[in-house]
Every structure is written in structure tokens, then in C-alpha cells.
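# Residue-level structure breakdown
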Amino acid sequence: MYRFIDFNDEKIDSLLMMELSDLAKTLVKDPDYEVELRVHSYLDMADKKIYASHFWNHRSEAYMVSGMKSDIYLRALGNYYFTDPKVVRKFLDWSQHTSFPRFAKQLFSLAEDLRIEEICKRKRPGMRREFINRRKVYLGFFQNQWKVNMERSLFTDVLFNLAYLVWNAQTPLLNIPQIHPDIDQVITLYRENLERLFDANSTEEIAHICTQIVQLLEGVVKRDLLNDYFHLHISETEDQSADYRDLLRKDQLINDDQSDKKATGDEEFFKEEMKTWHRETSDPGKNFLQFDLDQGTQTDILTNEAREGEAGDQALAIVKGKTGKSQYKDYSNMEELGRKNNGNDSVQAPYGIENRYAEAIFLKPSYPNNEELSQYHFYKEAMVLYQKKLKRTIDMTLEHKKQLPRTRLQMGRLDKKLIEFFTDEQKRLFYKKTEKSTKIDAVFSLLVDCSASMQDKMDETKKGITLFHEALKSVRVPHEITGFWEDANEATKTRQPNYFSQSITFSNSLKKKTGPEIMQLQAEEDNRDGFAIRVMTERLLNRGEKQKFLIIFSDGEPAAFGYDQNGIIDTHMAVTDARKMGIEVINIYLSVNGVGDEQRKVFQNIYGAYSLISPSIETLPELLFPLLKKLLLKSLND
């Protein structure tokens, strides 16, 4: 795609992101986890997200995939199961009071990654290939960083680079050149502490080693780490373990004594009515009883007055839970039983998690004015040749299927060719004339991108849409034409209005006077393609036709509020879901200045092989005619 300026031209491979997401969900055994790309890789348990690093971009395909998969392995298998968040929190708090907290945190993050990497390889040997590629790339990276930081006299960065080189050295005889006179005095002790990592068996031991290294360098290093290589993240809720004791009273009682008198058993109990009020009370009273028991002497008097059971109590007796042998006896970190609901997300976000705040607003077209009428008739006359050719092809196909007989049957009308009576052992001398239906059992939905980038393509797009409308109307195939956009000015974090301008609806698509409403489609704002595809899929599923087609006219990747990173993935998932439901989704890419390789890859990721690219907007009718012909003939043959 040709643009004047683009500050972030990173294209996300939707198939790879879905693969990484499935991999993460499988490893953590939680379907709520999602994968996103960030500058650094880390695990966020509070938001249930695993971040892969942008570090692997712009590398060969093999190294990029291996690197991102290794990020998922370390977070979803390593940090999730084998990293102690309490130790991480404690070290993070301690590092803030050191002279170089950035160095301390990144050293700890790197050391912990190397420790859990070995655990991952032992638990799952199939991960070795990705980790080998990971170390190969990082080894070359830190060797280059060593040279650059030495030239720039960034000695703290040099020490960090040295840490990785020592931990990944192919030989124990790694030669360390002179760095700085002050640093050279402690470099031997620094290396010895680094080599102790190979004996670390827990996060706590890693923290202890890193603490000693930082304390060793306190009086030697003058400035903190300049570059960011890794990120040490701790979620705000990770160190908060749920315990029922947190709900109990903590303050001391005013008097905590026992009564000397013993219960005799003949004590009297009195009942008293206490008025209460709640939101279903029809007539709340003016007086309510409230009491707090702050002090008193404890007695051994027990009441035998149990509350009488009621019919509604049965609902309160239903408890959700599960049984099974527990591996540990510490239940303080267990999640609340019954909290997860596999179908909950689909109820809260029926159009996808990225569109949970999107709102569909349908607009009806106004009555066409004279200019729109004349413009439509002009386009209609230009497309009449294609329309007549298509209608003639469909009519001939229908007539052929109507008259085509079925031969060599055991019953029916006697065939004139009786030679088979003497030549064949099994006599099949009859035929039937099959009366095929002259109606095409198909329905079309045309979805038109009305984003601002369509400004210079809208006129030619209307010509192609006019061809679709007139051709489908001539062969009596119901269809609808809808333009969609998102209002960027009204979009907020909790509400994103998406407008659907219904130029042609299913109910009026076959009427003679419909069509000029197409001229009212104009370039508007943003485009949230995944949401629009899901809305149109929902409408198509309500139709009774056998063949359902969804054709999308677009000129670029999705772009809307909070939709920049996951828009391609969400659109791809919407397309995949629609195809699983029996809807054929086809994209027609509109271009003015040609199509670049990056843009081709984007549309291939979203729509797969079902994406037609118009090399120029003027050739759109020539591109649409064979497509429409193929789809209609397919409907007839099926």
C-alpha cells in the first residue's frame, strides 16, 4: 500500500498470532489467556496476557517463528509454573533502593529466563530446537552490543552483555578483555558469581545470586544500565493470595472472658420481629432495627430454635465444585471454584473480544435525488453489456438443466435406443426427464468499506456494485448492499459506534426501482472489518437459501479505535468463523497505484486464497463479471 507517511508499518501475521495464542492457552491450560506483541516479552497474570517480543521481527522466517515460540514457552510454561512471584516482588522492591535498579532487574530477568529454559527443555524435549535458535540469535546480538558499548564506554551495559556471554559460552575458557581499571579489579569475582547460576534450582536462589552481584558492583559501577534488553514484570494482584481469614475480624474484643455461670437448660427465649428492607420490598417501613455486637461475655447457652425451611431454600443448597486428589496441601493460592465459565466470554462479547464495546447502528437510505438517479442510470448503461451476458449464461444453464434427461434407468420412459437389450447383461432401457427448479438457491451480501481511504475509489466501486445489483436482480437472486464505517469522533474506550448504511436490503433487492440508493455511499471514517463481518454473518445465517456469499470491498487493512494491533487477527477470526458456518467469504481489494508485497501478505493472512486484487480501479467490472458468473454457476450445480 502506498502512503505518504507511516510511523508504524509493522504487519502482523494473523495465522502466526493465532498459533501462538493457541500454544499459550494449551500450556497454561486456561482459554482466557491471549497473546500480544510488545517491546519485551513477559507474563501478565492479572490481565491474563502473554507478550511476545518485537525483537524477533525483521529476521528470517525460521528465526522469527522460533523466537516468538520460545517467548511463549518461557512465559506460559516457565514463568507460569516455575517462577515464584513472591520472590520476584521482594527482589523488585529491593532493587529500587540500589544504585542501578535497571541493571539489577534485567539481570534477574535474564538469569531466571535461563533457569526456566532448562526446565522447559527437560519437561518438553520438543522445545529444544526453538531454544537453540533463540540462543544463537541472542548470542550474536550481545556480541555486537559488547563491541558497541565498549566503544561508547557504557561499562554497565558491557557488564550485562558479559553476563549473557558467560552464561552461554561454548567453552569455560572464555577470554574477557580489559574493560576499565576499576571494573577489572572485580571482574574475576563477577564471573564467579555469574557461574553460580548453573547450580541455581529456584527463583529464590536466582535472587540471592543477583543480589550478591549487585552488591559487588555497588562501589564500582558509576551509572545505571542505558539500554533495555529485558523486562521484569510483576502483576499487582500476583502477591495477593485469597484467604478466608482476611474476612474475619482483626481488632481485639473489649472483653474476652467466660461466664462463671453454667447453662441449666430451662432458660427462656423470646422472639421479636425485626423489619428489614431490600430492593424488592413493596412498602418499606420507617423504622429498621440495626445492631452490632461489640462486647459481651461468652456463655455456653445454645439455642435449639432452628429456622424453618422454605421452598426457596433449595436454590441456596446448590453448590458448584469438583473433586479430585490435590498435589499440595496449601490451598491459599487456589482460584475460586466455579469462577470459570467456558461460555461466558461469548455471552459478554458475541462479536469478539476486540469488539465488546462496538455498537451496530443501521441507517436507512433517503429517497434518491435527481443527481443520484442520473448518475445511477449512467453507471447502469455502462454495465448493461456485462449484465446481459451474465443473464444469458445463467438462462442457458437453467434451460440445459431443465431439459437434461437422466438415462440408463431401470424404470421410467422407454428409451429409443434398444441395442443395450442385446449387449448388456443388466438391462437399463429407461430414462426420466428431470424438471429442475428455475430458481437459484443463493443469497449475496455485499459489504462496502466506507473508510476515509476510499475517497478516491468510491466512484469506480459504485460501478462494480451497480453491476452486482443489476446482474443479481436480473436472475432473481436476493441480495443486500451495505456500507460500513466507525465514527472516530464518537469512539471511546467503552463505546465504538459502527454505522451500517443499508443501500439495498433483502426485502427490496428485486424491485425494479431499487439501485440509485447505492450512489449515497460515501467515504466516512474508520473501518472495523471483523465486527462488520460478524454482523453480516449473523444476518446471512437468518436466511434460508442453501448458498450464502459474503463479498467485501475494501482497500486496506482494518483501522479503528483500539483496533490497530489485533484488527487483522480479529478480522481473520471473523472470516474463519463465517466459513465454518457455511458462508463463502471473498474479499475484493481495490487499489489505485498497484499493490505492494506487504499488502498482499496482509490480505492473504486475513482471507487466504479467497482474495481478488484489482490491479487498477478501472478494471473492477472486468474482474467482477467472471467472479459473479462463477459463483452463480456454482449455486446452480450444487
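The rules behind the values
Counting of residues starts from 1 at the beginning of each chain's written sequence and follows it residue by residue. Local features in a predicted model are, by the rule used here, given only for residues with pLDDT of at least 70; side-chain atom pairs are given and counted only at 80 or more, and totals for whole chains, interfaces and linings are based on all residues. Excluded from the side-chain calculation are hydrogens and water; included are all heavy atoms of the structure. Each helix corresponds to a stretch of at least 4 residues labelled H or I by DSSP, and each strand to a stretch of at least 2 residues labelled E; elements are numbered beginning at the N terminus. A 1.4 Å probe rolled over the protein chains alone gives each residue an accessible area, and that area as a share of the maximum for its type sets the label: buried under 20%, exposed over 50%, partly exposed in between. We call two residues in contact when some of their heavy atoms are within 4.5 Å. Note that accessible areas follow from Shrake-Rupley with a 1.4 Å probe, and for residues the cover is restricted to the protein chains shown. Points on a 1 Å grid over protein atoms alone make up a cavity when a 1.4 Å probe fits among them but cannot get out, and a pocket when they form an open set with protein on both sides within 12 Å along at least five of seven lines; lining residues each have an atom within 4 Å of a point. Grid points are joined across faces, edges and corners, and a volume is the space filled by probe spheres set on the points. Polar here means any residue outside two lists: the nonpolar Ala, Val, Leu, Ile, Met, Phe, Trp, Tyr, Cys and Pro, and the charged Asp, Glu, Lys and Arg; Gly therefore counts as polar. Any Phe, Tyr or Trp ring, taking Trp's six-membered ring, that has another such ring centre within 6.5 Å forms a pair; planes under 30 degrees apart are called stacked, those over 60 apart edge-to-face, and the others tilted. By definition, a salt bridge exists where a carboxyl oxygen of Asp or Glu is found within 4 Å of a side-chain nitrogen of Lys or Arg. Contacts described as polar in this section are N or O atom pairs within 3.5 Å, which, within protein, must combine one atom able to donate a hydrogen with one able to accept it, while residues neighboring in sequence count only if both atoms come from side chains. Working definition of a nonpolar core: buried Ala, Val, Leu, Ile, Met, Phe, Trp, Tyr and Cys residues. They are joined through side-chain atoms within 4.5 Å. The length a helix should cover is 1.5 Å for every residue beyond the first. What makes a patch is a set of residues exposed beyond 30% relative accessible area and free of salt bridges, joined within 9 Å when like-charged and within 5 Å when nonpolar (Val, Leu, Ile, Met, Phe, Trp, Tyr).

## Looking at the overall build of the protein
Secondary structure assignment for the protein yields 19 helices and 13 strands. Counting over 638 residues, the protein shows a buried share of 43%. Intrachain contacts of the protein at a sequence separation of at least 6 include 75% that bridge at least 24 residues. Carbon and sulfur atoms form 51% of the exposed surface of the protein, whose accessible area is close to 38200 Å².

## Remarks on empty space enclosed by the protein
One pass over the full model with this rule turns up two cavities of 30 Å³ or more. Mapped by element, the contributors of at least two residues to the lining of the largest cavity are β2 (42–44), α2 (61–82), α3 (85–95) and α4 (101–123). At four residues, the largest contribution of residues to the lining of the largest cavity is made by α4. Considering only residue class, the lining of the largest cavity consists of eight nonpolar, six polar and five charged.

## Digging into the packing of aromatic side chains
Enumeration over the complete set of coordinates arrives at 32 aromatic pairs. Ring centres of F91 and F108 lie 4.6 Å apart, and the angle between their planes is 20°; on these two criteria the pair is classed as stacked. Taken together, the residues F91 in helix α3 and F108 in helix α4 connect sequence positions 17 residues apart. Accessibility expressed as a relative area gives 4% for F91, which makes it buried. Take F108: its relative accessible area is 1%, and that puts it in the buried class. Taken together, a centroid distance of 5.5 Å and an interplanar angle of 45° make the contact between F142 and Y229 tilted.

## Section: the pattern of salt bridges
Within this structure, the stated rule accounts for 24 salt bridges. With a shortest N-O distance of 3.0 Å, E36 and K49 are connected by a salt bridge. Of this pair, E36 sits in strand β1 (residues 34–38) while K49 sits in strand β3 (residues 49–53); the two residues are 13 residues apart in sequence, bridging distant segments of the chain. Judged by its relative accessible area of 9%, E36 is buried. Notably, a salt bridge pairs E112 with R115, separated by 2.8 Å at the nearest N-O pair. On the criterion of helical spacing, the pair formed by E112 and R115 is a turn pair, its members being three residues apart in helix α4. The pair E112 / R115 is uniform in exposure class, with both members buried. By sharing partners, the salt bridges in this structure join E117, E118, K121 and R135 into a single network.

## As for the side chain of N57
Note on placement: N57 falls in the loop between β3 and α2. Residue classification places N57 among the buried residues on the basis of a relative accessible area of 13%. Among the polar contacts listed, one links the side chain of N57 to the side chain of H54, at a separation of 3.0 Å.

## Considering the nonpolar core
In this structure, I50, F103, L159, F160, W167, Y190 and L217 are the most contacted members of the largest nonpolar core, which totals 75 residues. Counting 41 residues, the second largest nonpolar core, distinct from the first, contains L467, I504, L521 and F549.

## So, helix α16 (residues 529–541)
A rise of 1.5 Å per residue sets the reference length of α16, with its 13 residues, at 18 Å; its end C-alpha atoms lie 18 Å apart and thus fit the reference within 8%. When you tally the buried positions in α16, you get 10 out of 13 residues, the bulk of the element. Taken as a whole, α16 has its buried residues at D529, G530, F531, A532, I533, R534, V535, M536, T537 and L540.

## Considering unusual backbone geometry
Where the residue is not glycine, phi is negative for most of them; where a peptide bond is considered, it is trans in most cases. Of note in this structure, K29 is not a glycine but carries a positive phi near 60°. Structurally, the position occupied by K29 is in the loop between α1 (14–28) and β1. What makes K29 exposed here is its relative accessible area of 67%. Backbone geometry places R476, a non-glycine residue, at a positive phi of 60°. Along the polypeptide, R476 turns up in the loop between α15 (458–474) and β9 (479–486).

## Some details on a nonpolar patch on the surface
Together, L414, L418, F421 and F422 make up an exposed nonpolar region whose accessible area comes to about 450 Å². By secondary structure assignment, the location of L418 is in the loop between β6 (413–414) and α14 (420–423). Taking relative accessible area as the criterion, L418 reaches 39% and is therefore assigned partly exposed.

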